[in-house]
Amino acid sequence: MRALRPLIILAGLICLWQIVVSLSSVPPYILPSPLEVAAALWRRADVILKHALLTAAEILLGLTLGAFLGACSALSMAYFRPARRWLLPVLVISQAVPVFALAPLLVLWFGYGIASKVAMATLIIYFPVTAAFHDGLRRTEPGWLDLARTMNASRASMLLHVRIPAALPALSSGLRVATAVAPIGAVIGEWVGSSAGLGYLMLHANARMQIDVMFAALFTLAVLAVALYFTMDTLLRRATPWLPDSFPDND
Amino acid sequence: MSESMASITAPPPLSVTVHAARVTHGGEALFDGLDITLAAGRWTCLLGTSGVGKSTLLHLILGLKETEQRAGGGDTVTCSDGLPLAGRAAFMAQTDLLLPWLTALDNVNLGRRLRGSHDGGEVEARALLDQVGLAANAGDRPATLSGGMRQRVALARTLMENRPVVLMDEPFSALDAITRIKLQNLAAELLRGRTVFLVTHDPLEALRLGHRIHVMAGRPARLGEAMEPAGSPPRNVDDRQLLEMQGDLLCRLAEASS
């Protein structure tokens, strides 16, 4: 039942879509019916797959890079006081500039290829990961640190054995947000300038009035994002098995 | 059970002296010129109402809180062998402070892990878990254990450090009456021969476990004359002398806080 639930929701949404199309008689070049989109998906599967793989690669690379840089920043802020003083303002400024506004610049600097999209996704992810992890590292139960001090633990050891594990739940929250926004970064990057990827395919199809193909690409992107989110969620749950879940399955 | 203690030899007893301790909090002195001696191999209990500065004193002895410099210099906390106390006192708090991501066994063995020694310790940790009656729970995470069990793991972790001095901050106060008595007995037995400083607000607990009992009251707080109940701890809860002294202590505490 649990595994079926998303499928049932999906089926419900598709039915609703079909009903709206049938009742309102919107022309297919405004809103194609699910059947037409499915047909487009089938007809152009090879092209869509090719573009989807590229977008998936951009998202995954951006996610990896952003999470890595974010975690490193948070850790250095937790460990080195000067880093805390100098990095925190940089972090805030990095968020004051709208990342989307940087997209044309990134394309200019990193080119039309995959690099500018990875950079875009990385930039979007960097802040939520850093902020969440840093928050978690800062809020270690003081009693644990007192105990560790009486056990003659070094600062590095306290960070490794107490602060980091204690901050994993917070890092998980940051990574969940990051996973949800990473596709946005990749697609915006593709819109601004590219010759491949699902975002490019959508613009390309839109310009040629192939609205069914555009919807097929959109659908693929949604599936990709949802699959990515659930994979990340499962991995994070496995990484923190001691955490209580106050929404158990039988709630 | 005392035979099984042979696996860990307790270090030689050590007495600790606090001289002229002074801590201010928000401009007001919590205590000033406070003296207390923790006799070697004995339990010293400190009774007082909440907020009087008991825990602050304990943290000061542990070195987690700085004492304010007094005129004439010299160390506030000294040991009978002339060496600093740092690194020779184990700490047990009101909450068990077990790390939720580690098993009971790994929690007992936490000190070694934190000091970066990867060799062994597991045999001793298992033996200690056995002594506190939790041999079967070595692989369990703290969340699956009851409050009493968790505090027993914390006791095993304290013993694992094998320090001559043990400082306890209301370690049993969150437990129900029966579990508390059982844990007091267990602690009295397992910590025998060590210098123990127990901070508590439960007069009966102090009377059961303490060789010497001090009452801390007032602001700035001072220590009243020490009580020394007869007999050796853990004393029985239905001991007549104990119950009389409990009444006396309660009166003193009530008087001090009014």
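Small disclaimer: the values here were computed from a predicted structure and weren't measured. (Residues numbered from 1 in each chain as written. Chains lettered and ligands numbered in written order. Predicted model: local features only at pLDDT ≥ 70, side-chain atom pairs only at ≥ 80, totals over all residues.)

Undergrad: Sorry, what's going on with the environment of Gly41(B) here?
TA: Residues and elements named next belong to chain B. Positionally, Gly41 belongs in the loop between β2 (28-38) and β3 (43-47). The sequence separation of Gly41 and Asp130 amounts to 89 residues, and the corresponding C-alpha distance is 24 Å. Non-local contacts of Gly41, meaning those with residues more than four positions away in its chain, are made with Pro13, Gly193, Arg194 and Thr195. (Helix = DSSP H or I, 4+ residues; strand = E, 2+ residues; numbered from the N terminus. Contact = placed C-beta atoms within 7 Å.)

Undergrad: Got a minute to help me understand the domain arrangement of chain B in this structure?
TA: Many analyses report the size of an interface as the accessible area lost when the parts associate. Residues and elements named next belong to chain B. What the domain assignment lists for chain B is domain 1 (13-88 + 165-258) and domain 2 (97-162). When each unit is reduced to the centre of its C-alpha atoms, the spacing between domain 1 and domain 2 is 26 Å. Taken together, the 10 residues of domain 1 in the interface contact 9 residues of domain 2. Top contributing element to the side of domain 1 that touches domain 2 by residue count: helix α6 (residues 177-190), with 5 residues. (Domains from an automatic or database assignment.)

Undergrad: Before we go on, may I ask you to explain helix α7 (residues 142-150) of chain A in this structure?
TA: Helical geometry note: an α-helix holds 3.6 residues per turn, so side chains three or four residues apart project in the same direction. When we look at burial in α7(A), the residues that qualify are Trp144(A), Leu147(A), Ala148(A) and Thr150(A). Each buried residue of α7(A) lies within a common arc of 160° when the element is viewed along its axis, so the set occupies one face. Contacts made by the buried residues of α7(A) are with α8 (155-192) of chain A together with α1 (54-62), β5 (89-92) and α3 (110-114) of chain B. One or two steps after α7(A), the chain reaches Asn152(A), where phi turns positive at roughly 60°. (Buried ≥ 20, exposed ≤ 12 C-beta atoms within 10 Å, placed from the backbone. Arc of directions from axis to C-beta.)

Undergrad: What's the story with the nonpolar core in this structure? I'm lost.
TA: One recurring pattern in soluble globular proteins is that nonpolar side chains are buried together. All names here are of chain B. Judged by nonpolar contacts, the single largest core of 75 residues is most densely connected at Leu47, Ile61, Val108, Leu129, Ala156 and Leu167. At 6 residues, helix α5 (residues 147-160) tops the list of elements feeding residues into this core. Per-domain counts for this core show at least three residues from each of domain 1 (13-88 + 165-258) and domain 2 (97-162). Excluding anything up to four places from it in sequence, Leu167 contacts Leu58, Ile61, Leu62, Ala89, Phe91 and Phe197. (Core = buried A, V, L, I, M, F, W, Y, C linked by C-beta atoms within 7 Å.)

Undergrad: Sorry, what's going on with the pairing of β3(B) here?
TA: Residues in a regular strand project their side chains so that they alternate between the two faces of the sheet. Residue and element names in this part refer to chain B. Within β3, 5 of the 5 residues are buried, which leaves the element mostly enclosed by the surrounding structure. By the bridge criterion, 4 bridges tie β3 to strand β8 (residues 212-217) in an arrangement that is parallel. Bridge assignment links Leu46 to a residue of β8, and that residue is His214. (Pairing = 2+ DSSP bridges.)

Undergrad: Teacher, can you tell me more about the sheet that holds β2(B) here?
TA: Strand pairing in a sheet is mediated by backbone hydrogen bonds. Such pairs are either parallel or antiparallel. All names here are of chain B. A sheet is described by the order of its strands in space; here 3 strands give the open sequence β2-β1-β4, paired in antiparallel fashion. Both edges of this open sheet fall to β2 and β4 (77-79), since each of them pairs with a single strand only. Direction aside, neighbouring strands of the sheet carry axes that sit 10° apart on average. Bridging between strand β1 (residues 16-25) and β4 involves 3 bridges; their strand directions are antiparallel. Across the sheet, the residue bridging to Val16 is Cys79, located in β4. Along the sheet face, α1 touches β1, β2 and β4 and points at about 120° away from the line of β1. (Axes fitted to C-alpha atoms, helices over the stretch in contact; angles between N-to-C directions.)

Undergrad: Just to check I follow, could you spell out the sheet that holds strand β9 (residues 222-223) of chain B for this structure?
TA: Residues and elements named next belong to chain B. Pairing in this open sheet of 6 strands is mixed, and the strands run β5-β6-β7-β3-β8-β9 from one edge to the other. Edge positions in the sheet fall to β5 and β9, since each of these pairs with one other strand and no more. By the bridge criterion, 5 bridges tie strand β6 (residues 165-169) to strand β7 (residues 195-200) in an arrangement that is parallel. Residue Met168 lies in a different strand from β7, and its bridge partner there is Leu198.

Undergrad: Just to check I follow, could you spell out the environment of Asp75(B) for this structure?
TA: Residues and elements named next belong to chain B. Within the secondary structure layout, Asp75 lies in the loop between α1 and β4. Since 12 C-beta atoms lie within 10 Å of it, Asp75 is described here as exposed. Considering only alpha carbons, one finds Asp75 and Ala21, 54 residues apart in sequence, at a separation of 9.4 Å.

Undergrad: Help me understand unusual backbone geometry in this model?
TA: The phi angle of most residues is negative, glycine excepted, and most peptide bonds adopt the trans form. Residues and elements named next belong to chain B. Note that the residue after Arg219, namely Pro220, is joined by a cis bond; omega there is -5°. Of note, Pro220 is situated in the loop between β8 and β9. Omega for the bond connecting Pro233 with Pro234 falls within 30 degrees of zero, at 0°, which places this linkage in the cis form. Within the element layout of this structure, Pro234 appears in the loop between β9 and α8 (240-257). One non-glycine residue with positive phi stands out, namely Glu170, at about 45°. Counting through the fold element by element, Glu170 comes out in the loop between β6 and α6.

Undergrad: Teacher, can you tell me more about the confidence of the model for chain A here?
TA: Segments scoring low in pLDDT should not have their predicted coordinates read at a detailed level. Scored by pLDDT, chain A has a mean of 91; 97% of the residues are at 70 or more. Of all the helices and strands in chain A, helix α4 (residues 81-96) of chain A carries the lowest mean pLDDT, 85, while helix α3 (residues 45-79) of chain A carries the highest, 95. (pLDDT = per-residue confidence, 0-100.)

Undergrad: Is there a simple way to think about α4(A) in this case?
TA: Residues and elements named next belong to chain A. Here α4 spans 23 Å end to end across 16 residues, near enough to the 22 Å set by a 1.5 Å rise per residue. When the local axis directions of α4 are compared, the greatest deviation, roughly 30°, occurs at Leu87, which is followed within four positions by the proline Pro89. The buried count for α4 comes to 0 of 16 residues, which makes it a mostly uncovered element. (Expected span 1.5 Å × (residues − 1). Bend = angle between axes of the 7 residues up to and from the residue.)

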